[in-house]
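# Remarks on the overall topology
What follows is each chain in one-letter form.
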Amino acid sequence: MRRIRSPYLLPAAVILLVAACSTNKDAFLNRTFHKLVTRDNWWFNANEKLNETVATMQKAHVDDYDQVLPIFVDGTKEEAQAMTPDLEVCIEKCSTVIDRNSMEFDGKEKNKWIDDAWFVIGKSHFYKQGYLDALRTFDYIGRRFKGQNRQLEAKLWLARTAIKLEQYAKAQSTLDEIKGQKELPKDFPHDQLSAVEADLNLHRGKVDDAIVALERAVQIAKQKKERIRWSFILAQLYQAKGMEDKAIALYGKITHMGAPYELGFHAQIFQALAFDRGDSRGLRQKLARMLRDEKNVDHFDMIHYALAELNLKENKRDAGIDELKASVKSSTVDTRQKAKSFLKLADLYFDDKKYPAAQQYYDSTGTLLGEDNARYNEVKTRAEVLGDLVVQLNVIAREDSLQAFAKLDPDEKEKRIKALIKDRERQEEEQKQAADDARDVMASNPAPQGQQGTPGSGGAWYFYNQAQIARGIPEFKKKWGDRPNEDNWRRADKSGTALVDVAEEEGADSTLAEPAKETGEPEWKKPESYLKDVPTNAAMLDSSNARICEALYLSGMIYKEKLKDVDNAIESFEVLNNRFDDCRYTPEAYYQLYRIYLAKEKAGNFMDFGGASSKHYADEITSRWPDSEFARLVRNPDQLQADEAARIAEDKAYADLYDQFRQGAYQGVIATCQGIATNEPHNHLLAKYSLLKAMAVGGMHLMGPFREALAQVQSGFPGTDEAAAATALLANLDRMSGGAQPVDTTAKAATPTYDAPAGEHYIVFMVPDSAGPIGQVQATIGDFNTKYFRNQPLDVKASVWDNHTQVVLIRSFPTKTAAMAYYNLFKNNKTDLKGLTGKGYPLFAISSGNYPRFYVAKDEGGYTEYFSKEYLAGK
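First, a word on what this report is: a plain description of the structure on this page. (Residues numbered from 1 in each chain as written. Predicted model: local features only at pLDDT ≥ 70, side-chain atom pairs only at ≥ 80, totals over all residues. Heavy atoms only, no water.)

### Regarding the nonpolar core
Going by this rule: Nonpolar cores are built from buried Ala, Val, Leu, Ile, Met, Phe, Trp, Tyr and Cys residues. Side-chain atoms within 4.5 Å join them into one set. Burial classification: accessible surface area is computed with a 1.4 Å probe over protein chains only, and a residue below 20% of its type maximum counts as buried, one above 50% as exposed, and the rest as partly exposed. The numbering of helices and of strands both runs from the N terminus, where a helix is a DSSP run of H or I of at least 4 residues and a strand a run of E of at least 2. We call two residues in contact whenever any of their non-hydrogen atoms come within 4.5 Å of each other.
Grouped together as the largest cluster of nonpolar side chains are 147 residues, with contacts concentrated most on W230 and I269. The leading source of residues in this core is helix α14 (residues 300–313), at nine residues. Apart from the residues within four sequence positions on either side, W230 is in contact with I71, F72, D191, Q192, A195, L214, A217, V218 and A221. F765, M766, V767 and W801 belong to the second-largest nonpolar core, a separate cluster that totals 39 residues.

Okay, structure coming up:
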């Protein structure tokens, strides 16, 4: 059969293809062509990239098991920032396909894949945390594509986005709208609907409702990984609501569901932590088996912590403390768990009023605890307060030990000093042996050729290898926390007997590597070095007693005011009074005891069994120190409150006057300051009034009187902060008097008034010349914009601010919210903007209306304050 060849077939095919490319004709060929192009050439690639990007983030995401896990893994700010370039590509691809392939006729979209493209755009905005853009996109899909397959799923994501924006009412109404449909599509994700409902209830604090919704989600979950995760969260909620039996059963079930290692391991640990009553032997046996499994070595600390909790719940306090110490000792990489163990030990010792031990553990906790932890400030405060207390307790212990040593006969003194020297020799020998062993190991395992290195070589010795250092720093912080770079940091808090302290202070820190003296021996080997602080005469003994007296009083005040531990406070003050009949702090100690017992009596829960009462101490004070301030306060117990009320009134009066000074009412300020100095000689703010008067004189451009007023502050209030400020101002005036006209230190060009932040916005970045060529800075920012804001045209321009600084203006943003989103992404980027961020260069958002005022007035300081208040909520 002869094949027919027609010269018209190819041109006809081309004509048909060209005709099909048109989006202006509602024909079968046109619709089919654009559907295929949309699905296979654009949407498919964008959707695959979106799924791959999100899956990569979720795989790398690390959950915080100290909190109820989030139902959905949507990514942190840092993870969103890392995903942004890929998500922008997804948005660009789908925007292009919508622009080229949308076929709208009579208000209806004929290309059924266009709503899918919009859906990818919405999800991309969601995962890059552009929630307002995501909200608008999902809302548009829900309204524009009614009856199409993505309409209701978009509404589901609209609810998820509203939850992120804390628009809980909108989220609830959207979910109600979905559930109110007569019939949902066959492929609609019902499990996701229940999970979103649970998420909304959790954010609203409705845990019981969240449990009901999550139970339903677990039952109908389509994906195994979601069923396992939601089951774990459900068990956490059971535990939080006190349903320990349900929690323990569900945690046990999770371990047999094929859970990922971390989640399955935590399920076993949480099963033990949820234990509240009954027989714990089964749980203990399971934990013991886990300790024998080497794959759990990095989680041994968590297992010991769970055993500690079991012991504490069964009132085995000592065993619990031992397990917590084992937890700390076995810690490898989990700093969060190490901080929990430290904190638990600190709290236990604090509750037992064993403050020195509690201080050490609070201090260690503080180096590991994140600032976002709810107890961060409390831990830091307790560590500082207990640190102050331990200092005083160590002073008392040291001085008591030195005084006790002074009373020994010479033979016993010599015997004890020899024992100390012998113990030190043993320590030195152990350290020397350890160093020798380390050298032997290095000698028997030489570095491979080419890794002996010099500074800067690629395979260099550890301390020259920057890559090794970069890896080592996080490992150090995991184990030891964010410690300062200083010598002997592990020995910063010494404790022990006085003579050992002396030996360490004299030898260990200063002479360990010290060159030999004339005798050829270090100081710690000389017996006489241990005797220099021993009180051997009356003057040294008086000085030692004075230190003990002060330490007893200060420790008593810490107990009373900061720790609210009145029993230990009473003991400290009474020991002081019994040991020292009339030391510097004796009257104050009596007064503090008077205040403590007066408060007990007023509370109505005090019974006097031993003669100790407020009256007893009041009588002592008025008879022994009748003319003292303490006697005045005892005779009039309300005087303290009256004095405090007077101080508050004085503070308010000064604040009001300072406001007048800021408004330029210098004459009135000067007159008021003079009146205060004359009529209120006991005002506790006299030094501040004196400096304020001087500043008001300076504000009137009276340089001679300004200098005189500053000199009066110096002479009238020596040693105060105000005197130091006056000295600095005088020095500044002296420097300027060499040629240039003195500049008024108080008055600036009129500070502009800024309008409320609204409408179009810019980003201002102030760059010093030291940052490098301004063209390079602009190019770096331009590359950053292309990577993260490729679909948003941004202009980057530079202007001269002064002789040393230029202003980079990034514009423009339609709203304050959009500008602040850019600000946060810019500020937190440490890779693309390396060398620009983290340097403290001023960065802020500003409205287009406020920018000319800011630039003309050169008001960096004033606008920075305004930006902090209006944009950062005062942070």
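### Notes on the sheet that holds strand β4 (residues 795–800)
For clarity, the cut-off: Any two strands are treated as partners once DSSP identifies two or more bridges connecting them. For helices, the fitted axis covers only the stretch in contact; all axes are lines through C-alpha atoms, and the angles between them, taken along N-to-C directions, range from 0 to 180 degrees.
Read from one edge to the other, the open sheet built from four strands follows the order β4-β5-β3-β6, with strand pairing classed as antiparallel. Each edge of the open sheet is held by one strand with a lone partner, namely β4 and β6 (843–847). Each strand of the sheet is rotated relative to its neighbour by a mean of 30 degrees, with strand direction disregarded. Note that strand β3 (residues 761–768) and strand β5 (residues 805–813) share eight bridges and pair antiparallel. Residue Y762 lies in a different strand from β5, and its bridge partner there is R811.

### A look at the packing of α14 against helix α15 (residues 317–330)
Keep this limit in mind: Angle categories are assigned with fixed cut-offs, so that under 35 degrees is roughly parallel, over 145 is roughly antiparallel, 65 to 115 is roughly perpendicular, and the rest are oblique. When residue character is reported, Ala, Val, Leu, Ile, Met, Phe, Trp, Tyr, Cys and Pro are called nonpolar, Asp, Glu, Lys and Arg charged, and the others, Gly included, polar.
Across the interface, α14 lies against α15 with an axial gap of 8 Å and an inter-helix angle of 170 degrees. Relative to α15, the element α14 lies roughly antiparallel. For the pair α14 and α15, the contacting residues are F300, D301, H304, Y305, L307, A308, N311 and L312 in the first and R317, A319, G320, E323, L324, A326, S327 and S330 in the second. A class-by-class count of the residues in the contact of α14 with α15 yields eight nonpolar, five polar and three charged.

### What about the pairing of β6?
Burial analysis of β6 places five of its five residues in the buried class, the great majority of the element. Of the two faces of β6, both are covered, the one formed by L843, A845 and S847 as well as the one formed by F844 and I846. Alignment of β3 against β6, held across five bridges, turns out to be antiparallel. Note that in β6 the partner of H761 across the bridge is S847.

### Observations concerning the state of the cysteines
Put plainly, a disulfide is one covalent bond tying together the sulfur atoms of two cysteines. Quick reminder of the rule: Disulfide assignment relies on a single distance test, namely cysteine sulfur atoms paired within 2.5 Å.
Per the stated rule, a full pass over the model turns up one disulfide. Covalently, C549 is tied to C583 through a disulfide, its sulfur atoms 1.9 Å apart. Here C549 is found in helix α22 (residues 538–562), whereas its partner C583 is found in the loop between α23 (566–579) and α24 (586–603), with 34 residues between them in sequence. Overall, C549 belongs to the buried group, its relative accessible area being 2%.

### Notes on the pattern of salt bridges
Here the idea is simple: oppositely charged side chains can pair when their charged atoms come close. The line we're drawing: Criterion for a salt bridge: a side-chain nitrogen of Lys or Arg within 4 Å of a carboxyl oxygen of Asp or Glu.
Within this structure, the stated rule accounts for 46 salt bridges. Salt-bridge contacts for D66 lead to K340; the nearest nitrogen and oxygen are separated by 3.2 Å. Of this pair, D66 sits in the loop between α2 (28–60) and α3 (77–101) while K340 sits in helix α16 (residues 335–351), and the two are 274 residues apart along the sequence. Note that E414 is salt-bridged to K418, the shortest N-O span being 3.2 Å. In this pair, E414 and K418 are both assigned in helix α19 (residues 410–444), four residues apart and thus about one turn of the helix distant. The exposure class of E414 is partly exposed, given its relative accessible area of 43%. For K418, a relative accessible area of 52% gives the class exposed.

### Brief notes about α16
Convention followed: Given the number of residues in a helix, its expected span is that number minus one, multiplied by 1.5 Å. Whenever two N or O atoms come within 3.5 Å, that pair is a polar contact, provided that in protein one can donate a hydrogen and the other can accept it, and provided that, for residues adjacent in sequence, both atoms are side-chain atoms.
Between its terminal C-alpha atoms α16 stretches 24 Å, which fits the 24 Å expected from 17 residues at 1.5 Å a residue. Summarising burial for α16: twelve of the 17 residues are buried, a large majority. By the N-cap criterion, in which a side-chain oxygen at the helix start approaches the backbone nitrogen of a residue two or three places on, α16 is capped by D334, the distance to R336 being 3.2 Å. Note on α16: the residue one or two positions beyond its end, K353, has a positive phi of about 60 degrees.

### Observations concerning the packing of helix α12 (residues 261–273) against helix α13 (residues 281–292)
The description of two helices packed together rests on the angle between their axes and the distance between the axes. Defined as follows: Should the near helix be turned anticlockwise from the far one by less than a right angle, the crossing is termed left-handed; should it be turned clockwise, right-handed.
Axis separation between α12 and α13 bottoms out at 10 Å; the angle between their running directions is 145 degrees. In this structure, α12 meets α13 at a crossing whose hand is left-handed. Together, F265, Q268, I269, Q271 and A272 of α12 and L283, K286, L287 and M290 of α13 make up the contact between the two elements. In the contact of α12 with α13, the residues fall into six nonpolar, two polar and one charged.

### Describing helix α7 (residues 168–179)
We apply this condition: The arc in question is traced by the directions running from the helix axis to the C-beta atoms.
For α7, built from twelve residues, the straight-helix expectation of 16 Å at 1.5 Å per residue is met to within 8% by its first-to-last C-alpha distance of 16 Å. Turning to α7, its buried residues number three or more, namely Y168, A171, Q172, T174, L175 and I178. Viewed along the axis of α7, the buried residues span an arc of 160 degrees, placing them on a single side of the element. On the buried face of α7, the contacting elements are α6 (151–164) and α8 (190–203).

### Thoughts on unusual backbone geometry
With an omega of -5 degrees, the peptide bond between R811 and S812 qualifies as cis. Positive phi is not limited to glycine here, since Q129 has a value of about 65 degrees. Within the secondary structure, Q129 sits in the loop between α4 (114–127) and α5 (131–144). Under the relative-accessibility criterion, Q129 is labelled partly exposed at 24%. Located in the positive-phi region is K353, a residue other than glycine, with phi close to 60 degrees. The topology assignment puts K353 in the loop between α16 and α17 (355–368).

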